[in-house]
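Commentary on secondary and tertiary structure
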Amino acid sequence: MNRHATIEPSTARLAAQSHFRTLRLGTPFQPRIDALGLKQDWYNWAGYRAPHSLWDEELEYFAIRSQAALFDISPMTKYRIEGPDAEAYLDRVTLRDVTKLKPGRVHYTAWCDDDGFVLDDGTLFRLSPTRFRLCSQERHLPWLLDSAFRYDVTVEEETEAVAGLALQGPTSFAILRDAGFAGVERLKIFNLAEFAHDGGTVTISRTGFTGDLGYELFVPAHKALSLWDRLIAAGELRGIRAIGYTALNRARLEAGLIVANADFTAAEHAIRADRLRMPDEIGLGFMIDPDKGHFNGRRAILEARARKKLRHVLVGLEIEGNIPAEHAIVYYRKSQEVGLVSAAMWSPMAKRNIALASLQRPYGDTIVDDLWVEIYAMRELQYQKLMKKAKVVPRPFIKLDRRTANPPADF
Amino acid sequence: MTSSELNWDAIVIGGGHNGLVAAGTLAKSGRKVLLLEAGNEVGGAARTEEFAPGFRVSAVAHLLNRLHPDVVKTLELERHGLTIERGDFVPSVALSKDGPLVLHGAYGEVLIGASPSEQAAWKQLRAQLLRYAGVLKPFLSRRPPDLGNMSLAEMTGLGRTALALKRLGKEDMRDFLRVLLMNVYDLLDEQLSDDRLKGLLAFDATLGSHLGPRSPTSLLGLYYRLAGEIGGLAGAQVQPKGGMGAVVAAIRAAAEKAGVSIRHASPVARVIVEKGRAVGVVTQNGETLRAKTVISAINPATTILDLVGPREVDTGFVRKVRNVRMKGDAAKLHLALDRPPQFSGVDAAGHKGRLVIAPSPDHVERAFNPSKYGAFSPEPVMEITLPSLVDPSLVPSGACVLSAVVQYAPYALKEGWTAGKPLLLKAIMAQLEVYAPGIGATVRHAELLTPADIEARYRMPGGHWHHGELQADQMLMSRPVSGWSDYDTPLEGLFLAGAGSHPGGGVSGAPGLNAARRIIAMRA
């Protein structure tokens, strides 16, 4: 009498389980990037297939500095934060004073856990008095949602919904103007505004990760390709080139900018207790405002300052010679290990051998003389060990007037 | 908004017994202390209240078994009306259809009604339980150890525990460690055979927590019970004359003598925070009161989430506070009876004691099972006292009051407590009728406080008298939350002194005393 229901495999369920068949997701710009990716040199950026380099890393770097470079930043994690309490909420979550960030402005900030250790750094876009976009390297939705308890605010991840492009380099302004974004010349550094595009709008900010004149553009994913095509068409005679991360990484190092999980270990990634970093230990101490309202990590950070418990410092180094000191150990008096280089290059712009390094205080803080780096240069299956003098120098390593010039120059 | 001219050294929020103990101890150290009580009377869940015309009863806590001797000594409670004599100890009676079993003296120094072999087994087990509880006792009364930053005094305290462990001897020490996190059910099975005795112990181990006897770590509850003492004897219990309110009255008198100012009907709206420091409170009437130190002796979650607000503390801390489990699982029954009931087979001394309906460990486990799914058992287990037999002044002449703590009554009852309450009362009355035939006909008035009622009336979130489930993961360094177990909070100048802090609930005064000592020990 009893009839058992037959269990049929649900096609919907199987479809939902097939995510693993796509090892790395494509961004909304992928059709264009795939077509340009001659080197097929991909890496994994937050689950997306992103190019290290598309055709030539040297030329891609020089596109940033002499022409205009187009870099797909869609994989960057983006959160939409909106509501009457959005300002108060972000002021509690992030380090810098959000009440001073006016609508139409962007600032670089960071956020910490209860112990004052940096969870991530990123940029905060104030799109309106009550609407923000927070961009970062890592994902933070659980933290952001838990932080929203008793705030009248909604937090939504919009990484997939919003496509992003960085257009960087001396001709970037001229390209945007020629592409028809009227009024873009009025954007000063860290300003943002909305412009018409393809029946919708694109948010353009004068921001970037290169230390150069440049812009970032955010557009709904379905308008991504038309935006790409519009920029490429307008930029043809001004040398626009799509680039990969290797070139961008060089430019950002010249600009002295740090990258989470490259120059410091984000608190939620760190397994070893001594890898955690407070803002003061990675050069972000300037963000801390003890006089603003409460913010996450405030108690721990101020206590560490008062008790002089800060153990590390992040510095810029200028190293003799021209061999990049990537991941070299830093020594005091050629013998005592005091730190590690996290990023290094020969800078074609600065004409100097530059590096970012994390040192154990007091080295790099009060003791800055007699620092050395040991570079292992592989030469035909043999390391040539070079002990080179290193000098602590201010960041950024290069300062380009065109980055901030108003109106932006027409190259 | 008015602002008080006075500046207090310390403001204590909440006049429960822990708030009174903290306030009194701080006042004795020379501080000017103000205590703010939300209700019209101090005492919290340790009040004696009239629930029917002429009938008074201890509100939630009805047996005194763990008032900390240091509290009695520090506040000189004996000079303020608290007297406990050996003759006041009352027995525990395990009710059963097979006739009762009686534990006389301090937790069954003498066992009556069991076979000779069971008596011998009990003697051994009792000694062992008290020995092991004794090892834990310093942990379960003093400040919890701060593993990161241990002071010399704390090290010495830990050292003493290590010594106590060592003194157990090798075999005993191994056994102590073996059983520490065991469930009480299996341990009882190892050593005893009388279901009545096992049922009573299983009930005591799980009373006030959301655990069944077979739940891992349930034995800890029994240790917690036995780490308490009264009149210098571990495991003893008394029914205070005048109800629990009389104990509170003594603490209150001591606090006032020490100079504490007490204000009733003064619920606090919020704690004033300036640059990461608590500097006072604003009452719901809008009065601003400033103080060097603010001590909250109310629920820790209420303190942080409602009075301070999540905006003044860090996300991780708020996460921890919101995750403290505090859903009560016990109800309180008060019956106004025409005359004293007669529990079958129980003598006069037994009626003055604690009568427990938990006829077997399986019965307790079965009563627990439905509570996991938001229901109560048709045969609830309970602990009954008849306070008017000890103090006839609580009731009209010839009448009687019955007070019972009933498990398991889940806070989040599936059908809701409006619908569920009459059904639970019916189930309880059916159980009572089994052991005290005819009792139902003598009920003049019945008051059943569900966890929802306890929450509303005594401002205990979840209706949980421990202000946070008392289980291994929420004890010691993890109480109320890990990283903040030393009565302090991330806000400078704000301290916690209620049952939600270590060691936990019950009328002990230990959290209040420890918090006050912690503040006194701080460098000015």
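Whatever comes next refers back to the structure up there.
Summarised in this report is the structure supplied together with it. (Residues numbered from 1 in each chain as written. Chains lettered and ligands numbered in written order. Predicted model: local features only at pLDDT ≥ 70, side-chain atom pairs only at ≥ 80, totals over all residues.)

Helix and strand content of chain B: 17 helices and 19 strands. For 524 residues, the compact-globule estimate of 2.2 N^0.38 gives 24 Å, and chain B sits close to it at 22 Å. In terms of overall dimensions, chain B has C-alpha extents of about 65 × 60 × 45 Å along its principal axes. Looking at the 524 residues of chain B, the share that counts as buried comes to 57%. Partitioning the intrachain contacts of chain B with sequence separation of at least 6 by distance along the chain shows that 73% fall at a separation of at least 24. (Helix = DSSP H or I, 4+ residues; strand = E, 2+ residues; numbered from the N terminus. Rg over C-alpha atoms; globule rule 2.2 N^0.38 Å. Buried ≥ 20, exposed ≤ 12 C-beta atoms within 10 Å, placed from the backbone. Contact = placed C-beta atoms within 7 Å.)

Now for the sheet that holds strand β16 (residues 336–347) of chain A. Residue and element names in this part refer to chain A. Reading around the barrel, the six strands line up as β14-β17-β16-β15-β18-β19 and close back on themselves, with antiparallel pairing between neighbours. Across the sheet, the mean angle from the axis of one strand to that of its neighbour is 40 degrees, orientation sign disregarded. Of the strand pairs in this sheet, strand β18 (residues 371–378) and strand β19 (residues 383–393) are connected by eight bridges, and their pairing is antiparallel. Across the sheet, the residue bridging to M378 is Y383, located in β19. Here helix α8 (residues 245–254) sits on the sheet in contact with β16 and β17 (352–360), set at roughly 115 degrees to β16. (Pairing = 2+ DSSP bridges. Axes fitted to C-alpha atoms, helices over the stretch in contact; angles between N-to-C directions.)

Glancing now at the packing of helix α6 (residues 184–191) of chain B against helix α7 (residues 195–206) of chain B. Residues and elements named next belong to chain B. The N-to-C vectors of α6 and α7 enclose an angle of 155 degrees; their axes lie 10 Å apart at closest approach. By the angle between their axes, α6 is roughly antiparallel relative to α7. Between α6 and α7 the crossing geometry is right-handed. Within the contact between the two elements, α6 uses V184, Y185 and L188 and α7 uses K198, L201, A202 and A205. When its residues are assigned to classes, the contact of α6 with α7 shows six nonpolar, no polar and one charged. (Parallel < 35°, antiparallel > 145°, perpendicular 65-115°, else oblique. Left-handed = near helix turned anticlockwise from the far one by under 90°. Nonpolar A, V, L, I, M, F, W, Y, C, P; charged D, E, K, R; others polar.)

As a further point, take the interface of chain A and chain B. Taken together, the contact pairs 13 residues of chain A with twelve residues of chain B. Sorting the residues of the side of chain A that touches chain B by element identifies α5 (141–147) and α9 (298–306) of chain A as the ones contributing at least two each. For the side of chain A that touches chain B, the leading source of residues is α5(A), giving three residues. Here the residues of the side of chain A that touches chain B are counted per class, giving two nonpolar, four polar and seven charged.

Read these as spatial facts, not as claims about activity.
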